[in-house]
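Residue strings, one per chain:
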Amino acid sequence: MHDNHGDPLDGQTEQQEIADPWTAPSTRKGFLKGAAVAGAGAAGLGAFGPAAAFAHGKKGPAKAKKGGLTKTDLEILKAAQIAEALAVTTYTNIINTAPFFKNIPSDDQGYLKGAVQEEMSHYLLEESLTKKPTPFTKFYYPPKMFADAQTTLNILVTLEDAFIAAYLIGVRDFSTADLKVTAARIMGIESDHRTLARVVGPDVAGGDGGPIEKITGIQKTAEPVAPPNNNGYERTLLLTNIGQAVEALLPFAEPKAAEKAGFDATKPYTFVPFTPTLPNPLGEFHSLKG
């Protein structure tokens, strides 16, 4: 993440913004423009609805870049990288620092340990396509994150909700069938993670504030954890382009927006990449063609 908290795009032309997809509106400037929307509420992500879904204009024509990727492809991939870096950071700190983690059943612990490996694998796949690391490597959370089980599970489900919607945008907007199918393959894993996060709720020990019977996700509605697989269809959140999905991550990645959202902007958590080991070779990534 840039040490300078100002907007490095100020003073640049629109053409310059488009020329470098890593400083295009769907990252830094899109973050800042979307602060008022994405930063609302304690979870920072609750403002999305029909109005927000149409907040952005039409996308420009897609033109293939070097390696066969279009501008839209790169925007989706870099947004996914930010999301996966945030996911790795979140799961890592649940495992390493959350007091409730050591008191939940071993199968719940196994889910969380498997999830961090899977999210890291997703990140590395996307980095191999963009050829650049994530521009955001420090993340922020609400007060009591990791210390309080209810807060932690609320945010975990909120993030998985956002990731699912983002990959559904990829299913729709990627330029090739191979990329679309890859997005669907990753989205399915994020859906697993959302469901399993809801499984953990009732298993939280009494001394850690459990059992947790309701979890509040991105739509800011406390939903019963029974059944944990409570979706007939994955939720698109009515997002229409990847810029909106990236803006939803604003309070987690930008100090000023974090502070505005009521997050603890004084305590950043750093994304630490590693070489993942996936739980089962049959579920590993073999190629974009499957």
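Residues numbered from 1 in each chain as written. Predicted model: local features only at pLDDT ≥ 70, side-chain atom pairs only at ≥ 80, totals over all residues. Heavy atoms only, no water.

Asker: Mind showing me how you'd approach the packing of aromatic side chains here?
Answerer: Two measures describe an aromatic ring pair: the distance that separates the ring centres and the angle between the ring planes. Inspection of the entire model under this criterion finds seven aromatic pairs. Residues Y141 and F252 carry aromatic rings whose centres are separated by 6.0 Å and whose planes lie at 70° to one another, so their mutual orientation is edge-to-face. Of the two residues, Y141 sits in the loop between β1 (138–139) and α7 (149–173) while F252 sits in helix α10 (residues 250–253), which places them 111 residues apart along the sequence. Accessibility assignment for this pair places Y141 and F252 in one class, buried. (Phe/Tyr/Trp six-rings, centres within 6.5 Å; stacked < 30°, edge-to-face > 60°. Helix = DSSP H or I, 4+ residues; strand = E, 2+ residues; numbered from the N terminus. Buried < 20%, exposed > 50% of the residue type's maximum accessible area, 1.4 Å probe, protein only.)

Asker: Sorry, what's going on with the packing of helix α5 (residues 71–97) against helix α6 (residues 106–130) here?
Answerer: How two helices pack is summed up by the angle between their axes together with the distance between the axes. Viewed as axis vectors pointing N to C, α5 and α6 meet at an angle of 155°, and their least axial separation amounts to 8 Å. On the basis of their axis angle, the class for α5 and α6 is roughly antiparallel. Note that α5 runs across α6; the crossing there is left-handed. By residue class, the composition of the contact of α5 with α6 is 16 nonpolar, four polar and six charged. (Axes fitted to C-alpha atoms, helices over the stretch in contact; angles between N-to-C directions. Parallel < 35°, antiparallel > 145°, perpendicular 65-115°, else oblique. Left-handed = near helix turned anticlockwise from the far one by under 90°. Nonpolar A, V, L, I, M, F, W, Y, C, P; charged D, E, K, R; others polar.)

Asker: Could you clarify how one ought to interpret the pattern of salt bridges in this entry?
Answerer: Pairs can form between side chains of opposite charge whenever their charged atoms are close. If you walk through the whole model with that rule in mind, you get six salt bridges. With its nearest N and O atoms 2.8 Å apart, the salt bridge here joins R194 to D161. Pair noted here: R194 is in helix α8 (residues 177–200) and D161 is in helix α7, with a separation of 33 residues, a long-range link. Just as R194 is buried, D161 falls in that class too. Here E223 ties to R235 by a salt bridge, and the two come within 2.8 Å at their closest N and O atoms. Here the residue E223 occupies a position in strand β3 (residues 222–224), and R235 occupies one in the loop between β3 and α9 (242–247), the gap between them amounting to 12 residues. Taking relative accessible area as the criterion, E223 reaches 15% and is therefore assigned buried. Through salt bridges with shared partners, a single ionic network connects D161, R194, E223 and R235. (Salt bridge = Lys/Arg side-chain N within 4 Å of Asp/Glu carboxyl O.)

Asker: Honestly, the environment of T176 in this entry has me stumped. Any pointers?
Answerer: Here T176 is to be found in the loop between α7 and α8. The spacing of T176 and D73 is 103 residues in sequence and 9.0 Å in space, taken between C-alpha atoms.

Asker: How do you make sense of the environment of Y269 when you look at a structure like this?
Answerer: Following the sequence through the fold, Y269 ends up in strand β4 (residues 269–270). By relative accessible area, which is 14% here, Y269 ends up buried. Along the backbone, Y269 and N93 are 176 residues apart, and their C-alpha atoms lie at a distance of 8.4 Å. The residues touching Y269, leaving out its near neighbours within four places in the chain, are T89, N93, T137, K138, F139, Y141 and F146. Within the local environment of Y269, its side chain forms a polar contact with the side chain of K267, the two groups lying 3.4 Å apart. (Contact = heavy atoms within 4.5 Å. Polar contact = N/O pair within 3.5 Å; in protein donor to acceptor, adjacent residues only side chain to side chain.)

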